[in-house]
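# Coordinate inspection notes
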Amino acid sequence: MPLDKTLLDALQAVTTATLTTVLLKKGIRRCWMRGPMPRFAAGQRVVGPAFTLRFVPAREDLATPESWSSPTSTRAAIEAMPEGCIAVVDAMGVQDAGIFGDILCARMKKRGVAALVTDGVVRDGEGVDGTGLPVWCSGVAAPASVAGLTFVGWGEPVGCGGVAVYPDDIVVADGDGAVLIPAALAEEVALAAVEQERLELWIMREVDKGLPLPGLYPPNAETRARYEAETNKA
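Note that the coordinates shown come from a computational prediction; the quantities given were computed from them, not determined experimentally. (Residues numbered from 1 in each chain as written. Predicted model: local features only at pLDDT ≥ 70, side-chain atom pairs only at ≥ 80, totals over all residues. Heavy atoms only, no water.)

### Observations concerning the overall build of the protein chain
For the protein chain, the count of helices and strands is seven helices and 10 strands. Burial status across the protein chain gives 44% buried among its 234 residues. A separation threshold of at least 6 residues defines the contact pool for the protein chain, and within that pool the share at least 24 residues apart is 77%. As presented, the protein chain carries roughly 11600 Å² of accessible surface, and 55% of it is formed by carbon and sulfur atoms. Placing the 22 positive and 29 negative side-chain charges of the protein chain at their respective mean positions leaves the two points 3 Å apart. (Helix = DSSP H or I, 4+ residues; strand = E, 2+ residues; numbered from the N terminus. Buried < 20%, exposed > 50% of the residue type's maximum accessible area, 1.4 Å probe, protein only. Contact = heavy atoms within 4.5 Å. Areas by Shrake-Rupley, 256 points an atom, 1.4 Å probe, with all protein chains shown as cover. Lys, Arg positive; Asp, Glu negative; His and termini not counted. Charge placed at Lys NZ, Arg CZ, Asp CG, Glu CD.)

Listed below in structure tokens is the structure:
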């Protein structure tokens, strides 16, 4: 499901670091995915609903080159990806089997997929870079996916980098990695994150003036009252 433009714009304006703090205050601790880091065409923050894919350990009778033509294949999954989604792939952190290569990434780019986020690795690194698809992953490896993984499906809950990801949850990825926002919390998290960044910008200005941190960050009642008075005047 496409994101509301107001929500999309708000989340594109805040960092993943801010989002993890806001989510922590709401009781969500496991939201930053271990493994996915900006690797290819990932110079800008991306936001989108999660389109989930899942691998399990390789089984010799299933993880074969012939499986790439199966109705349950990464190729078929890519054709089901809606424009603007972020493909979130549970590869169990496997480091020696590239889940996607340049051709698959090129097709995802052509379909308007916003990004690929995985706790696994990709192959054909130079070619993937050339597709322009933003990729957050844990590295590159030459062997194909079937060397260590079996693809089993898409559109179901997965675990990526220690985080539970449900279809249509919101993913935000930037230079600090990828963060998951539960779909039901997306609007309130976005509003709180925008306000948090506004507050921290004001605090940074106070730090530049030479003010000490105690009572400033986090702000005590007096500091918050001063912040509200000064920003409301503005």
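### Quick look at the side chain of glutamine 196
Locating glutamine 196 in the fold gives a position in helix H6 (residues 186–208). A residue is classified by how much of its surface remains accessible, and glutamine 196, at 12% relative accessible area, is buried. Within polar-contact distance, the side chain of glutamine 196 engages the side chain of glutamate 200 at 2.7 Å. Each residue touching glutamine 196, except ones within four places of it in the same chain, is listed here: Thr18, Val22 and Lys25. (Polar contact = N/O pair within 3.5 Å; in protein donor to acceptor, adjacent residues only side chain to side chain.)

### Quick word on the UniProt feature "binding site: Mg(2+)" (unreviewed entry) in the protein chain
Taken from the UniProt record, the annotation "binding site: Mg(2+)" (unreviewed entry) applies to Asp124. Of note, aspartate 124 is situated in the loop between strand E4 (115–118) and helix H5 (125–131). What aspartate 124 contacts, discounting residues up to four positions off in sequence, is Gly101 and Asp102. Among the polar contacts listed, one links the side chain of aspartate 124 to the backbone nitrogen of aspartate 102, at a separation of 3.5 Å. (UniProt positions renumbered as here; feature names shortened; annotations may be inferred.)

### Concerning the domain arrangement of the protein chain
Per the domain assignment, the segments making up the protein chain are domain 1 (5–184) and domain 2 (189–232). Placing the centre of domain 1 and that of domain 2 at their C-alpha centroids yields a distance of 35 Å. When domain 1 packs against domain 2, the two sides together hide about 810 Å² of surface, and 75% of this comes from carbon and sulfur. Three residues stand out in domain 1 for area buried against domain 2, namely Val14, Thr18 and Val22, and they jointly supply 44% of the buried area on that side. Taken together, the connections running from domain 1 to domain 2 amount to zero salt bridges. Going through the elements one at a time, helix H1 (5–12) and helix H2 (16–25) are the ones with two or more residues in the side of domain 1 that touches domain 2. Here the element with the most residues in the side of domain 1 that touches domain 2 is H2; it accounts for five residues. Taken together, the residues that form the side of domain 1 that touches domain 2 break down as nine nonpolar, two polar and two charged. (Domains from an automatic or database assignment. Buried area = accessible area lost by both parts, 1.4 Å probe. Salt bridge = Lys/Arg side-chain N within 4 Å of Asp/Glu carboxyl O. Nonpolar A, V, L, I, M, F, W, Y, C, P; charged D, E, K, R; others polar.)

### Some remarks on the nonpolar core
Within the largest apolar cluster, 27 residues are counted, with the highest numbers of intra-cluster contacts made by Leu53, Met81, Phe100, Met108, Leu116 and Val135. Of all the elements in the fold, those that place two or more residues in this core are strand E2 (46–57), helix H3 (74–79), strand E3 (86–90), helix H4 (102–110), strand E5 (135–137) and strand E6 (149–154). In contact with methionine 108, not counting residues within four places along its chain, are Ile78, Met81, Ala87, Phe100, Val113, Leu116 and Leu133. (Core = buried A, V, L, I, M, F, W, Y, C linked by side-chain atoms within 4.5 Å.)

### Some points on the packing of aromatic side chains
This model, assessed by the stated rule, comprises three aromatic pairs. Between the aromatic rings of phenylalanine 55 and phenylalanine 151, the centroid separation amounts to 5.2 Å while the plane-to-plane angle is 65°, which identifies the pairing as edge-to-face. Note that phenylalanine 55 is positioned in strand E2 and phenylalanine 151 in strand E6, a separation of 96 residues in sequence. You can call phenylalanine 151 buried: its relative accessible area is 13%. (Phe/Tyr/Trp six-rings, centres within 6.5 Å; stacked < 30°, edge-to-face > 60°.)

### Brief notes about unusual backbone geometry
Cis geometry marks the peptide bond from tyrosine 217 to proline 218, where omega comes out at 5°. Note that proline 218 resides in the loop between H6 and helix H7 (221–233). In this model, aspartate 168 sits at a positive phi of 75°, which is unusual for a non-glycine residue. Tracing the chain through its elements places aspartate 168 in the loop between strand E8 (163–165) and strand E9 (170–174).

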